[in-house]
Structure formats: C-alpha cells, structure tokens
Amino acid sequence: MLAQAIRDVKAIQTTSYEGRITAVEGLRIEAAGPVEALRLGAYARFGDPDGPRGELVGFNGESAIFLACDDIEGIRPHSPVYFSHTDSQVRVSNQWLGRVVDAFGVPVDGGPPIPSGGRARLVKAAPPPAQSRARVHEAMSLGVRALDAFAPCAQGQRMGLFAGSGVGKSTLMSMLARNAGADIVVIGLIGERGREVREFVEDTLGPDGLKRAVVVSATSDEPAPRRRRAAWMAMAVAEHFRDQGLKVLCLLDSVTRFAMAQREIGLAAGEPPTTKGYTPSVFAELPKLLERAGPGPVAIKGQPQGHITGLFTVLVDGDDHNEPVADAVRGILDGHIVMDRKIAERGRYPAIDVLKSLSRLASQLYSAETADIARQARRILSLYSDMEELVRIGAYARGSDAEVDQAVMLAPQIEALLTQDVSDATPPEETFRLLAGILGLQQEAAPAAPQRPSLARQLGAKK
C-alpha cells in the first residue's frame, strides 16, 4: 500500500497548462496552447476549470482539434482552455459494485458519490503482452442451453454476438448477466436508448444481479467521445477486478456503436472515409479494445488467476453478417454466436442459430462424450434444416430415408430444449443429460463443478 501511494504521489502533475479557443464548428473545437500539453488523447476543459470537457483527436497545423464530450453551449471565442491531467485516468475500487456510472466514472443511478480509491489506471490501456498471458483451458458455464451445448465458452475467451435489430440481443445479454458462472459482471451499454438503461438495470439485472455487477452507460444522445470512452471505461473496470484474481464477464453492447463513434471522431479529425464510410482508425481501434479482454497475466504461484471473458454484441446492418465491422470483429474474436430473425419469428428464444455459431475452443472444452452428443445433435439439426421445406409442403414421404425420419422426429424435441426463458438457468451437465436423452444415448453422470468461494470472501481476502 505504501509503495502504491508513493507511485501515485510521483505521478501527480504539478504543472498546469492553458490555451485559447480559436475556432468552433459543431462539436469540433480548435484551440492553441503550449506544445507540452498537446498530445493525442489529452483532455481539456473549456471556459473554466470545471467547464465542459473535450478530447484532443487531431491537429490542424499548429492548432489542436478537440471534440466536445459535454454540452458546449455558452462557449465564446477565445475562451480559455484548461488542459486536464487526470481525465485520462480512473481510480476503480470495489465500491463500484452495484453502481451505474457514466464514461467518466460519475454515478448516474441517483446514489451517493463513490468514494475515491484504488490505484490510478489508464482508461485506454494496452492489452497484456501476448507471451505473458495465461493459457485458456477452463470451461465457463453460461447458463444458456444453446451455447453450453453447441458453442461452449472458456474462462478468458472472447466471443461475438451477431444479430440484426430486434432479434433478442438484449434479452440474451440479460440471461448471460444473470446465469453465467462469473464472479463479477461488467456491462457496457454503448449508444443505448435512454429508457433501456433503467429497464436493464432494474428489470433485467434486478437487485441480486446488480450486487455483483458494474454498469457503464453512454446513451445514444451523448457525443461520440463519450460513447467511445464508455467502452474503454468498461474494460478498465473489468481489468481492476481481473487483477484481483477474479473471473470477470464483460458484456459490451455494442461494438458496432463503438465503431460508429470512432467513425464520427475520425471524420472530424480529417480521416478519409473508406468502406461504408468507416475510417481507417476504426479498424485499428477495434483490436486494441477487444484484445483487452481475455486471460490475464500469468498469476504468481499461490495466487488465483484472473480472466476477462468477453461477449461483445455486433449489430449487423440489414442482417448482412459480412458488413465491414462484423467481418473485422469476427476475425479478431475466438468465436461467434449468430442470432437469426427467422428463428425469432417462429417463436424460439433465444434465437441462436446453432448451425452457424462457432466456438474456436470447443475441441478443448468438450469431453469425448459431450463432443459426441453435440456432434450427433448438430447432424440432426443440419439434416432437418436441409429437408424442412420439403417436409412442410408434404413433398417428403415418411420411410424414404431412415436418417431423415430420425431428424424429423428428433429435431423438434431439440428445438424445444433450446427454447429457454430469461430466468431459466440450466447447468451444462443437465443440458447434456437432456440432450443425450433426446438422442437415446446413455450419458454417465458428470462430476459436479468445484464451488468457488463467495464474492464477499474473495474481495475480503484481497484487502
């Protein structure tokens, strides 16, 4: 503790810098100031030391280009600019649990201020070096039957949730937040509708779910720098708990809105638009954000190993799963979960297309027995999908093919198993037992998963 305090004192900036606004165009502000204070990613206050914030995103000759993070009504020509040394950092503590904060860590849930504490960490931090990270091998229960059976997830894995609008992404996120086998859940709501934030916190999470969660919110009406920073803030919060050796589930909704915010910032800074108007910086920033999730650095012997399991939603434009952001994200992550509008239209929720969903670590997470169950179930669903139209119009005669007959009989039962209510949490062992029963297979009882200490005990041990 003393060593950390010494580092914090040494990091305090004792020099203050000021500049002047030279031009304003919409949310774009140009300012002149000391060269020492002008660096990309720096923050400044306009008008007075407690005035609206802006982020430095580029340069125009000798002038710095800022994008406003707050309402800039009342700003005048030649207003002073006060460069901030602290807005690029955040001090996350365990007191954040159960709270809803904005992109700068300010509570927006109507509760009391959060006591300052914890070490200062960069909001936009670099991922851990690849060679220093732990290996991923331990399975993580998501509590969603379609995922645990057909797209299993490991502690520290990063997966994308791809879906069009109105297909049930938010509902699936609520199931994961409630049922996943994680110690801490960090939820980033990026560009969400304002009304949905409170509904998600009060109805979806509820008091019990919120106890182990931190929600970072930036609604759709907030400026692009805030929406982008909210994603960084969610990752910084997740990294705080990972560094304590906890298993963290980070849900980010959505990466697409993060990319849109970065596109606005890039265009304002003068970048050329490329595919569908996205600027080159969008595809440079995506891996920097997504790579922050995953396994943490190798733990010291005797210490628990912390991981960040990332599930990132991608809003596919017009149900086109090959649009630029979706294509880029799919190449970065360790698997993808595809939600299909046709499945939702026929009333099966969550509307996960298990035939198109893939976990790149599935071979490491399945046992020989569960792999066989999943393989046979997938074969039946695939065969039924190929023949479904013929069966529905009566063009297929029963008895023509034994395998098709089996698929016609069993596929509806598997579909019924994959139908799941938000509050219905099923352990993976039970899911495979039910699936084996449908397939007529004998499955040995799986050993019970070891019980982790309670969250309160783990956090208490860190003090």
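One can find the structure itself at the top, above this paragraph.
Residues numbered from 1 in each chain as written. Predicted model: local features only at pLDDT ≥ 70, side-chain atom pairs only at ≥ 80, totals over all residues. Heavy atoms only, no water.

Engineer: Could you give an account of the overall build of the protein chain, with specific residues and numbers?
Structural biologist: Helix and strand counts for the protein chain come out as 14 helices and 19 strands. Referenced to the eigenvectors of the C-alpha coordinate spread, the extents of the protein chain come out at roughly 85 × 50 × 40 Å. Across the 463 residues in the protein chain, those meeting the buried criterion constitute 54%. Expressed as a percentage of contacts within the protein chain between residues at least 6 apart in sequence, the contacts between residues at least 24 apart total 71%. Only carbon and sulfur atoms are counted for the fraction: they give 53% of the accessible area of the protein chain, which is about 21300 Å². Computed over 53 positive and 56 negative side-chain charges, the inter-centroid distance for the protein chain is 5 Å. (Helix = DSSP H or I, 4+ residues; strand = E, 2+ residues; numbered from the N terminus. Buried < 20%, exposed > 50% of the residue type's maximum accessible area, 1.4 Å probe, protein only. Contact = heavy atoms within 4.5 Å. Areas by Shrake-Rupley, 256 points an atom, 1.4 Å probe, with all protein chains shown as cover. Lys, Arg positive; Asp, Glu negative; His and termini not counted. Charge placed at Lys NZ, Arg CZ, Asp CG, Glu CD.)

Engineer: With reference to specific residues and values, describe the environment of Ala 180.
Structural biologist: Of note, Ala 180 is situated in the loop between helix 3 (169-179) and strand 13 (184-192). Considered as a pair, Ala 180 and Pro 427 are 247 residues apart in the sequence and their alpha carbons are 9.6 Å apart. Leaving out residues up to four positions away in the same chain, Ala 180 has contacts with Met 140, Ser 141, Leu 142, Met 175, Arg 212 and Leu 249.

Engineer: Explain the environment of Ala 416 residue by residue, including any values.
Structural biologist: Checked against the element boundaries, Ala 416 lands in helix 12 (residues 402-418). Given the relative accessible area of 52%, Ala 416 is considered exposed. For Ala 416 and Arg 348, which are 68 residues apart along the polypeptide, the C-alpha to C-alpha distance reads 8.0 Å.

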